[in-house]
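Single-letter residue listing:
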There are 2 protein chains.
Amino acid sequence: MPILPQPVQNLITAFERLPGIGPKSASRLTFFLLRAPADVSKKLAEALSELQEATTFCSRCFNITSAGNVLCEICASPKRDESQVCVVEEPLDVLALERTGGFGGHYHVLHGALSPIEGIGPEDLKIKPLVERITSGGIKELIIATNPSMEGDATALYLKQQLLHLPVRITRLARGLPMGGDLEYADQNTLLRALAGRQEME
Amino acid sequence: MPILPQPVQNLITAFERLPGIGPKSASRLTFFLLRAPADVSKKLAEALSELQEATTFCSRCFNITSAGNVLCEICASPKRDESQVCVVEEPLDVLALERTGGFGGHYHVLHGALSPIEGIGPEDLKIKPLVERITSGGIKELIIATNPSMEGDATALYLKQQLLHLPVRITRLARGLPMGGDLEYADQNTLLRALAGRQEME
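Everything quoted here is computed from the prediction, not taken from an experiment.

1. Brief notes about the layout of surface pockets
Its boundaries defined by the atoms lining it, the largest pocket holds a volume of some 990 Å³. Taken together, 40 residues line the largest pocket, and the ones lying closest to its centre are S27, R28 and F31 of chain A together with E90 and L92 of chain B. Sorting the residues of the lining of the largest pocket by element identifies α1 (6-16) and α2 (23-35) of chain A together with α2 (23-35) and α5 (91-100) of chain B as the ones contributing at least two each. At nine residues, the largest contribution of residues to the lining of the largest pocket is made by α2 of chain A. Looking at the lining of the largest pocket residue by residue, the classes come out as 18 nonpolar, 11 polar and 11 charged. Volume-wise, the second largest pocket comes out at about 790 Å³. Lining the second largest pocket are 26 residues, and of these E90, L92, D93 and N147 of chain A together with R28 of chain B sit closest to its centre.

If you want it as structure tokens, here you go:
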């Protein structure tokens, strides 16, 4: 039985280790690159090699930043409001919130959510540094923006319990019907949340 | 507006150039690699750099093979039947047919299919070398195994016209109901083909 040349097999195996890429996609990507201009795989290889060398995490909020920076651009900016801190699971969540342009405070990236099933406990997340940040003062409001999932909810609840004794207001992003959505297609839980969280019309 | 560190943005851009990977998947893959063991992105980068250097195409059938080989393992094998040649669109199709264990002949990889919409004409495919292979003799049967798609059908038809004058039997893979399928769920075209191609029971 003739098998694939080793370099081809190696790349397929390497692609398969990425999330959301199965054996079929891995083969497709590999065969695409075999015929693509050499430049495509070269650029990808370079970017990969550079990624971990050239980036680091902000020492205060744990968002991603360029290597050599102690603080990320947001933490270093004098224009941002230090009294508000938004707690998110991932650096990508920071990006999503920044895109809205509706938040002018600082962030704290937990790097995950509590998940007993996956064996992720409080010590795996950046919770201790968060408690320390709050204890050292200056933060008035903590906006918890973990995902509206079971893990995100559990994390939010855990954080609240941990921070209860500290003089900080703890809020959470609103739940309800998504904008542009159709009530008819909203799932049961979203609808229940929207009902429970109903507000007076102004 | 704070943007992503350049190395992160570079990798997202490089991933986006791959087929089937949009901006969202590209970000996810990048942030996965940021936190994954350094080894994951290192292996991927190495495999990418090696891919085009260490592989080449068989000079006879244009299947993928290790660099340095003039012929691929199948073309070089004395056990394979040289009188039968199966024509496929992609190297992955060779793999699929080899997995069945039901074909003992040689292959010819066209590297695509005719597609006027994408501007792929006969000169973009390995059709001329195929005609030369047949002209030089020794091939009794050509099994056309292009995809059962519009492009695959057009390619099969074109090949037949080009090879009509040559003393070679030209066959095509059977069309019909897929094994394990359910007649109820078969699409109209497949069912029509299955009807038209009905065979006497033995």
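That covers the picture; the talk isn't over yet.
2. Topic: the domain arrangement of chain A
Segmentation of chain A into domains returns domain 1 (6-57) and domain 2 (75-172). For domain 1 of chain A versus domain 2 of chain A, the separation of C-alpha centres amounts to 33 Å.

3. Comments concerning the packing of aromatic side chains
Taken as a whole, this structure holds two aromatic pairs over all chains when the rule is applied. Ring centres 5.2 Å apart and planes at 65° place the aromatic pair F103 of chain B and Y107 of chain B in the edge-to-face group.

4. Considering the sheet that holds strand β3 (residues 81-88) of chain B
All names here are of chain B. Taken in spatial order, the four strands line up as β4-β3-β5-β6 in an open sheet, and their pairing is parallel. The open sheet has two edge strands with one neighbour each: β4 (105-109) and β6 (169-172). Strand-to-strand twist across the sheet, computed as the mean angle between neighbouring axes with direction ignored, equals 25°. By the bridge criterion, five bridges tie β3 to β4 in an arrangement that is parallel. Its bridge partner being in β4, V87 is matched across the sheet by H108. Contacts between α5 and the sheet are confined to β3 and β4, with β4 contributing the most and set at about 155° to the helix. Docked against the sheet, helix α7 (residues 150-163) engages β3, β5 (141-144) and β6, running at close to 170° with respect to β6.

5. Some words on the pattern of salt bridges
It is possible for side chains bearing opposite charge to pair when their charged atoms get close. This structure, assessed with the given rule, holds 19 salt bridges over all chains. Across the pair R175 of chain A and D153 of chain A runs a salt bridge whose closest N-O atoms are separated by 2.5 Å. Separated by 22 residues along the polypeptide, R175 of chain A in the loop between β6 (169-172) and α8 (188-196) and D153 of chain A in helix α7 (residues 150-163) bring together distant segments of the chain. Residue classification places R175 of chain A among the partly exposed positions, given a relative accessible area of 25%. For the salt bridge of E82 of chain B with R60 of chain B, the shortest nitrogen-to-oxygen distance reads 3.9 Å. You can see E82 of chain B sitting in strand β3 and its partner R60 of chain B sitting in the loop between β1 (55-57) and β2 (64-66), a full 22 residues away along the chain. Taking the relative accessible area as the measure of exposure, R60 of chain B reaches 27% and is therefore partly exposed.

Each value, and the rule that gives it
- Residues numbered from 1 in each chain as written.
- Chains lettered and ligands numbered in written order.
- Predicted model: local features only at pLDDT ≥ 70, side-chain atom pairs only at ≥ 80, totals over all residues.
- Heavy atoms only, no water.
- 1 Å grid on protein atoms, 1.4 Å probe; cavity = no way out; pocket = protein on both sides within 12 Å on 5 of 7 lines; lining within 4 Å.
- Points joined across faces, edges and corners; volume = space filled by probe spheres on them.
- Helix = DSSP H or I, 4+ residues; strand = E, 2+ residues; numbered from the N terminus.
- Nonpolar A, V, L, I, M, F, W, Y, C, P; charged D, E, K, R; others polar.
- Domains from an automatic or database assignment.
- Phe/Tyr/Trp six-rings, centres within 6.5 Å; stacked < 30°, edge-to-face > 60°.
- Pairing = 2+ DSSP bridges.
- Axes fitted to C-alpha atoms, helices over the stretch in contact; angles between N-to-C directions.
- Contact = heavy atoms within 4.5 Å.
- Salt bridge = Lys/Arg side-chain N within 4 Å of Asp/Glu carboxyl O.
- Buried < 20%, exposed > 50% of the residue type's maximum accessible area, 1.4 Å probe, protein only.

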